[in-house]
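In case you want the letters, here they are:
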Amino acid sequence: MLLLFGAGWFMFGGKTEIKNVGNPGKNIVAFGDSLTAGYGAGKDRAYPAVLSQMVSRPVINLGLSGDTAANAPSRLPQVLQAEPYMVLIEFGGNDYMRSVPFLQTEQAIRQIVDEVQSAGAIAVLVDTGGYPAMGRYSKLYKQIAKEKQALFVPGILDGIFGKSKYKADPIHPNAAGYEIVAQKVHKAIKPYL
């Protein structure tokens, strides 16, 4: 009977417990590439700036245009010095465009999640989605989130990609697009703030 209840809970909405909820960290840190930096709209209209208004607390923007997941672990000391409560991890697009070996990207993302969680913060994997070729990254990030009890934000570019009214260029959102990204991230993290 207990086994049946457990199977039913898993199949019909049981959620993975998120690691480090309620930790004493102070800040939300957005750690990523140009989509975090706000390329196409500027840092003051980037998704972390919009998100900051939604949560009524600062969101530190450590987005770096052109950065890859493979390179990102070298910037982790800066992230951890910010005394994070939660780290929004958004990488992958540049890894894909620069043909970084997929395994190297996977190892880097796993390392980032491990170090963020070891520092006591909530790790949030922010999936870009949008572009069909990014599907394998989406699957990977969802799998890593499940394995490591991290939070997963699906497809921030879904509904934006391919719609010129939300785009600054073929890849990056404009200010209206970043508002949608912020709403998607907010919806996912709100229960854990």
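The structure reproduced in this document is the subject of the present report. Here the structure is a predicted model, which means the values were calculated and not measured.

Calculation criteria
- Residues numbered from 1 in each chain as written.
- Predicted model: local features only at pLDDT ≥ 70, side-chain atom pairs only at ≥ 80, totals over all residues.
- Heavy atoms only, no water.
- Helix = DSSP H or I, 4+ residues; strand = E, 2+ residues; numbered from the N terminus.
- Rg over C-alpha atoms; globule rule 2.2 N^0.38 Å.
- Buried < 20%, exposed > 50% of the residue type's maximum accessible area, 1.4 Å probe, protein only.
- Areas by Shrake-Rupley, 256 points an atom, 1.4 Å probe, with all protein chains shown as cover.
- Lys, Arg positive; Asp, Glu negative; His and termini not counted.
- Charge placed at Lys NZ, Arg CZ, Asp CG, Glu CD.
- Axes fitted to C-alpha atoms, helices over the stretch in contact; angles between N-to-C directions.
- Parallel < 35°, antiparallel > 145°, perpendicular 65-115°, else oblique.
- Left-handed = near helix turned anticlockwise from the far one by under 90°.
- Contact = heavy atoms within 4.5 Å.
- Nonpolar A, V, L, I, M, F, W, Y, C, P; charged D, E, K, R; others polar.
- Pairing = 2+ DSSP bridges.
- Expected span 1.5 Å × (residues − 1).
- Arc of directions from axis to C-beta.
- 1 Å grid on protein atoms, 1.4 Å probe; cavity = no way out; pocket = protein on both sides within 12 Å on 5 of 7 lines; lining within 4 Å.
- Points joined across faces, edges and corners; volume = space filled by probe spheres on them.

1. Considering the overall build of the chain
Stage number 1. Along the chain, the regular secondary structure elements total eight helices and five strands.
Stage number 2. Relative to the compact-globule value of 16 Å for 193 residues, the chain shows a C-alpha radius of gyration of 16 Å, a close match.
Stage number 3. Considering only C-alpha atoms, the chain reaches an extent of 55 × 35 × 30 Å along its principal axes.
Stage number 4. For the chain, the proportion of its 193 residues judged to be buried stands at 50%.
Stage number 5. In the structure as shown, the chain presents an accessible area of about 9,600 Å², 57% of it carried by carbon and sulfur atoms.
Stage number 6. Of the side-chain charges in the chain, 20 are positive and 15 negative, and the distance between the mean point of each set is 6 Å.

2. Considerations on the packing of helix H3 (residues 47-55) against helix H8 (residues 175-189)
Stage number 1. Here H3 crosses H8 at 50°, and the two axes come no closer than 8 Å. It follows that H3 is oblique to H8 by the angle criterion. In terms of crossing hand, the pair formed by H3 and H8 is right-handed. The segment H3 lies against H8, with Tyr47, Val50, Leu51, Met54 and Val55 engaging Tyr178, Glu179, Val181, Ala182, Gln183, Val185, His186 and Ile189.
Stage number 2. Considering only residue class, the contact of H3 with H8 consists of 10 nonpolar, two polar and one charged.

3. So, the pairing of strand E4 (residues 122-126)
Stage number 1. Within E4, five of the five residues are buried, which leaves it mostly tucked inside the rest of the structure.
Stage number 2. In terms of strand pairing, strand E3 (residues 84-90) meets E4 through four bridges, oriented parallel. The residue bridging Val87 from the neighbouring strand is Ala123, located in E4.
Stage number 3. Here three bridges tie E4 to strand E5 (residues 151-153), and the two strands are oriented parallel to one another. The partner of Val124 across the bridge, within E5, is Leu151.

4. Side note on helix H7 (residues 135-148)
Stage number 1. For H7, with 14 residues, the first-to-last C-alpha span of 20 Å sits near the 20 Å given by 1.5 Å per residue.
Stage number 2. Of all the residues in H7, the buried ones are Tyr137, Ser138, Leu140, Tyr141, Ile144, Ala145 and Lys148. In an axial view of H7, the angular spread of the buried residues amounts to 165°, which keeps them on one side of the axis. Exposed residues on H7 whose side chains face more than 90 degrees from its buried face are Lys139, Lys142 and Lys146.
Stage number 3. In the core, the buried residues of H7 are packed alongside helix H5 (93-97), helix H6 (102-118), E4 and E5.
Stage number 4. One or two residues past the end of H7 sits Gln149, with phi positive at roughly 55°.

5. Some remarks on the layout of surface pockets
Stage number 1. In this model, the second largest pocket occupies a volume close to 260 Å³.
Stage number 2. Lining the second largest pocket we find 17 residues, and of these Leu35, Gly93, Asn94, Met97 and Ile171 sit closest to its centre.
Stage number 3. Broken down by secondary-structure element, the contributors of at least two residues to the lining of the second largest pocket are helix H2 (34-37) and H5.
Stage number 4. Ranked by residues supplied to the lining of the second largest pocket, first place goes to H5 with four residues.

Nothing here speaks to function; it is geometry throughout.
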